[in-house]
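Examination of the molecular architecture
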Amino acid sequence: MDLLDRFLGHDAWTTKQLLLLCEDLTDDELDRDFDIGHRTVRATFHHVIYNMEGWSDLMAGKPIRTDERRSVPGLIARLDCAADDLAAVARSVAARQAWDERWLDPNNNAPVERTYGGTIAHVITHSMHHRAQLLYLLRRLGVKDLPEGDVLSWEHQLPQV
């Protein structure tokens, strides 16, 4: 397994593990206002997944999707799709060795040139930043057995080949 597959696998798996821990939370808990980041568990997950969807769509030259499902099962379904799409774009970039190739991000008042490698790294590190916030929020809600969320823990749970 190469480094890209490790980053992509860890990113999707860890976000999903946190979502699975939310299956028993009430709507009040998912929407409780806190003084950090996007302020609620639900809003933070939506933000993470929307960024995966949006950047993947932009790099693939597609319109940004507008999936607004915000229930925990809906967020999990969106995450699974977004992770697959991000992986497809990233693997295509890797196969072409196009990490430094530039693409035009039309989503600003004035379009901005970005590199594929920088954008993919941004999406993965962005997710990690917000997962740290989610761990804090879930701890504050009293959720037990929170994962550390590190790459070595992810790799340890993989089937041995």
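Here we summarise the structure given alongside this text. (Residues numbered from 1 in each chain as written. Predicted model: local features only at pLDDT ≥ 70, side-chain atom pairs only at ≥ 80, totals over all residues. Heavy atoms only, no water.)

**A short note on the overall build of the chain**
Per the secondary structure count, the chain includes six helices and two strands. Counting from the amino terminus, helix and strand elements in the chain follow one another as α-α-α-α-β-β-α-α. Taking 15 Å as the expected radius of gyration for a compact globule of 161 residues, we find that the chain reaches 16 Å, a close match to that expectation. The principal-axis extent of the C-alpha atoms belonging to the chain is close to 45 × 45 × 25 Å. (Helix = DSSP H or I, 4+ residues; strand = E, 2+ residues; numbered from the N terminus. Rg over C-alpha atoms; globule rule 2.2 N^0.38 Å.)

**Structural notes on the nonpolar core**
In terms of nonpolar packing, the biggest core is built from 41 residues, with Leu19, Cys22, Val41, Phe45 and Met52 touching the most fellow members. Put simply, the parts of the chain that give this core at least two residues each are helix H1 (3-21), helix H3 (41-59), helix H4 (72-96) and helix H5 (116-140). Of all the elements, H4 adds the most residues to this core, at 12 residues. Ignoring sequence-local partners within four residues, the contact set of Cys22 consists of Leu30, Val41, Phe45, Val72 and Leu138. (Core = buried A, V, L, I, M, F, W, Y, C linked by side-chain atoms within 4.5 Å. Buried < 20%, exposed > 50% of the residue type's maximum accessible area, 1.4 Å probe, protein only. Contact = heavy atoms within 4.5 Å.)

**Details of the pattern of salt bridges**
Here the structure, examined in full by the defined rule, presents 16 salt bridges. In this structure, Glu155 and Arg6 form a salt bridge, with 2.9 Å as the shortest nitrogen-oxygen distance. Placement of the pair is Glu155 in helix H6 (residues 151-157) and Arg6 in helix H1, with a sequence separation of 149 residues. Note on Glu155: relative accessible area 28%, which makes it partly exposed. Among the residues examined, Arg6 registers a relative accessible area of 27% and is labelled partly exposed. With its nearest N and O atoms 2.8 Å apart, the salt bridge here joins Arg114 to Asp105. The exposure class of Arg114 is partly exposed, given its relative accessible area of 26%. One connected set of salt bridges, linked through shared partners, spans Asp27, Asp31 and Arg42. (Salt bridge = Lys/Arg side-chain N within 4 Å of Asp/Glu carboxyl O.)

Honestly, it's all geometry; don't read function into it.
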